[in-house]
Amino acid sequence: MPDHPLHPTRIRQALAEATQRLGDRVDAEVLLAYALSKSRSWLIAHADDLLLSDHAAAYAWLIEQREAGEPIAYIIGRRGFWSLDLEVTPATLIPRPETELLVELALERLPADKACRVLDLGTGSGAVALAIARDRPMAQIIATDASSDALAVAQRNARSHHIGNVSFVHGDWFAPLDDRRFDVIVSNPPYIEATDPHLQQGDLRFEPISALMSGSDGLDDIRRIVRDAGLHLVPGGWLLFEHGWNQGGAVRALLRDADFAELSTAHDLEQRDRVSIGRRPVAGTCDSP
Ligand code: GLN
């Protein structure tokens, strides 16, 4: 197999050797399925087939990339998120399963029969905006990103899934939005501390640093988002954003200082703080300034 592409190998054996090299059976299967343009279940059903030498050579190359640390999602150019199979490139963060919590919490605040206005800040591959758009066809969603390369990926994802209720806007956070207001604002912003050693480990080494890191305490971008969100929410509108497991207290304090109400923090499947939520107060009361 990989080391000797001219020597005929069966699929079963190629997978066994790759699993040993990569230390991961799923990775070995995903890469071989990609090299052959087949599904993983096809591989299992054809375990005794011989690999053509071209395919074995392609597989060897993919395994080398993976051994060098390249994330699987970038090698195959795809990652599943919510109900969508999305294109991803090194210009975009790789969508994470825990970010589906942000989608769930946004959907809870978006009645299916109303034309709600939604803003997704820093959309990357478009994962959050497109998941919301798919489940709320009546909603009108604007998705922004400071990276035009990321926006191009997000736009291709919208097209390939025939999702027409998202518009993509280039710019830094709220900068391109003038005074437009929304019912719900969502974001998965960068929130990792500049000195966090995880930035030098695993997939994160290959992902865009601007989508991951945000100043010395990881909160630079969240501070900007919380500061300006009130100007872009209708009264009663919601701000929801993802953050690090240890940032719940700090982000709720930021929300409180910016006069958000109904603050809460939702936990991911590992019971860690993951998404914080605040609501723009509905209207002035007698004692408000
Ligand atoms: N959740 C990602 C991680 O910690 C970071 C994503 C982000 O900064 N938005 O790997």
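This is a predicted model, so every value here is computed, not measured. (Residues numbered from 1 in each chain as written. Predicted model: local features only at pLDDT ≥ 70, side-chain atom pairs only at ≥ 80, totals over all residues. Heavy atoms only, no water.)

Further remarks concern the nonpolar core. Counting 35 residues, the largest nonpolar core has Leu130, Ile132, Ile141, Val166, Phe168, Val186 and Leu240 as the members making the most contacts within it. With seven residues, the single largest contributor to this core is helix H7 (residues 127–135). Grouped together as the second largest cluster of nonpolar side chains are 26 residues, Leu93, Leu121, Ile142 and Ile185 included. (Core = buried A, V, L, I, M, F, W, Y, C linked by side-chain atoms within 4.5 Å. Buried < 20%, exposed > 50% of the residue type's maximum accessible area, 1.4 Å probe, protein only. Helix = DSSP H or I, 4+ residues; strand = E, 2+ residues; numbered from the N terminus.)

Time to look at the site of the ligand. Residues in contact with the ligand, as listed here, are Leu93, Arg96, Glu98, Asn188, Pro189, Pro190, Tyr191, Ile192, Leu204, Ala211, Leu212 and Glu242. Arg96 places a polar side-chain atom, nitrogen or oxygen, 3.0 Å from an oxygen atom of the ligand. Notes on the ligand: free accessible area 300 Å², of which the protein chains cover 86%. (Near = heavy atom within 4 Å. Polar contact = N/O pair within 3.5 Å; in protein donor to acceptor, adjacent residues only side chain to side chain. Areas by Shrake-Rupley, 256 points an atom, 1.4 Å probe, with all protein chains shown as cover.)

What follows is about the packing of helix H1 (residues 11–22) against helix H4 (residues 53–67). Running from N to C, H1 and H4 point in directions that differ by 15°, and their axes come no closer than 10 Å. Between H1 and H4, the angle falls in the class roughly parallel. Crossing hand, H1 versus H4: right-handed. Between H1 and H4, the contacting residues are Ala14, Leu15, Ala18, Arg21 and Leu22 on the first element and Tyr59, Ile63, Glu64, Arg66 and Glu67 on the second. (Axes fitted to C-alpha atoms, helices over the stretch in contact; angles between N-to-C directions. Parallel < 35°, antiparallel > 145°, perpendicular 65-115°, else oblique. Left-handed = near helix turned anticlockwise from the far one by under 90°. Contact = heavy atoms within 4.5 Å.)

Running from amino to carboxyl end, helix H2 (residues 25–36) crosses H4 at an angle of 135°, the nearest separation of the two axes being 9 Å. Comparing the axis directions of H2 and H4 gives the class oblique. For the element pair H2 and H4, the recorded crossing hand is right-handed. Where H2 approaches H4, its residues Asp27, Ala28, Leu31, Leu32, Tyr34, Ala35 and Leu36 are matched on the opposing element by His55, Ala58, Tyr59, Leu62, Ile63 and Arg66. Looking at the contact of H2 with H4 residue by residue, the classes come out as 10 nonpolar, one polar and two charged. (Nonpolar A, V, L, I, M, F, W, Y, C, P; charged D, E, K, R; others polar.)

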